[in-house]
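For reference, the chains in residue letters:
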Amino acid sequence: RSLFQSSPSTTTVRRYPLVTILVPAYNEEKTILKTLESISALDYPKDKLQVIVINDGSKDRTEQIVQEYINDKSYFQLLSHSNQGKAASLNMGLKIAKGEFFACLDADSFVDSKTLRKMIALYDDKNDDRLAIITPAMKVDQPRNILQKIQWLEYIVIILIARLVSYPDSLYVAPGPFSLYRTGIIQKLGGFDEKNLTEDQEIAYRVQQHHYRIAQCVDGYVHTTAPQRLKAFYFQRRRWYLGSMMCVHQYRSLIANRKYGDFGMMQMVKNASGYFL
């Protein structure tokens, strides 16, 4: 309890750096408008925001909906390319990102209005040039059926676990819904891996490999749409676990390696043994 009480949250921002928000979207006509509205509602100066929506070859009305919404919003822009995957879309946006920081927001997720302020305040509070990523506290948005309610509970547990492992600097995933990155560091590391199934996890491993840090914003909430049906749930989790195993294999040199501190000796050992079992 005392450990948690020692990490108060604040929305007091000493400065307002330019922040780029990347929104990759593929066939998200059902949720993209709500996603963009959550960005517009952010409690952050609009002249300090650059929002780039990357249409990844959508076959539905995603592009049209985005274009209609951003017509009168100068800080929004739309890029389109053929379907190449989420990581390629993020890299496309990253090439023209002007912000000192950038956030990724999945097109089926919705960020709370105070979250960006809390994350920027946390960066200022930590005052650490090697702090590369701040992750959000992710919740399931409006769970309706039993499967979504189970996932809602699961995500609450994940928030607690992420909070615990952030203390020994052992976070190993930067969730797609609104992780906030230091732009220069990610550009220096070469952007996102377009061959990996879970690019948000791979970039976190790479950040750890280069001895940068990841922290969690304990009440920087973002809400995501969870699968309603078992088939969609199965394919989501299959991708997650295959991607996780790819990451462990790709960064196997970190396993039980004292050079990487608690992340190598504790988290990597846990991940490798867990996926093996």
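Here the structure is shown first, and the text comes after it.
Below is a summary of the structure that appears in this document. (Residues numbered from 1 in each chain as written. Predicted model: local features only at pLDDT ≥ 70, side-chain atom pairs only at ≥ 80, totals over all residues. Heavy atoms only, no water.)

## Here we look at the packing of helix α8 (residues 199–209) against helix α9 (residues 230–250)
Next, step 1: Relative to each other, α8 and α9 sit at 20°, their axes nearing to 9 Å. Overall, the two elements α8 and α9 adopt an arrangement that is roughly parallel. As for how α8 packs across α9, the hand of that crossing is right-handed. Along its contact with α8, which presents Gln201, Glu202 and Tyr205, the element α9 presents Ser244, Cys247, Val248 and Gln250.
Next, step 2: Taken together, the residues of the contact of α8 with α9 break down into 3 nonpolar, 3 polar and 1 charged. (Axes fitted to C-alpha atoms, helices over the stretch in contact; angles between N-to-C directions. Helix = DSSP H or I, 4+ residues; strand = E, 2+ residues; numbered from the N terminus. Parallel < 35°, antiparallel > 145°, perpendicular 65-115°, else oblique. Left-handed = near helix turned anticlockwise from the far one by under 90°. Contact = heavy atoms within 4.5 Å. Nonpolar A, V, L, I, M, F, W, Y, C, P; charged D, E, K, R; others polar.)

## Overview of α8
Next, step 1: Most of α8 is tucked away: 10 of the 11 residues are buried.
Next, step 2: Residues Glu199, Asp200, Gln201, Glu202, Ile203, Ala204, Tyr205, Arg206, Val207 and Gln208 constitute the buried set of α8.
Next, step 3: His211 sits one or two positions beyond α8 and adopts a positive phi of about 65°. (Buried < 20%, exposed > 50% of the residue type's maximum accessible area, 1.4 Å probe, protein only.)

## Observations concerning the packing of aromatic side chains
Next, step 1: In this structure the tally under the stated criterion is 12 aromatic pairs.
Next, step 2: When the centroid spacing of 5.1 Å and the interplanar angle of 70° are considered together, the rings of Tyr234 and Phe235 count as edge-to-face.
Next, step 3: For Tyr234, a relative accessible area of 47% translates into the label partly exposed.
Next, step 4: With a centroid separation of 6.2 Å and an interplanar angle of 80°, the aromatic rings of Tyr241 and Tyr275 are classed as edge-to-face. Here Tyr241, found in helix α9, pairs with Tyr275, found in helix α10 (residues 261–276); they are 34 residues apart in sequence, far enough to count as distant.
Next, step 5: On the basis of relative accessibility, which here comes to 48%, the residue Tyr241 falls in the partly exposed class.
Next, step 6: Ring pairing ties together the aromatic residues Tyr172, Tyr205, Tyr251 and Phe263, which thus form one cluster.
Next, step 7: Stacked on the ring of Phe110, the Lys or Arg Lys34 has its end atom at 4.4 Å from the ring centre. (Phe/Tyr/Trp six-rings, centres within 6.5 Å; stacked < 30°, edge-to-face > 60°. Lys NZ or Arg CZ within 6 Å of the ring centre and 35° of its normal.)

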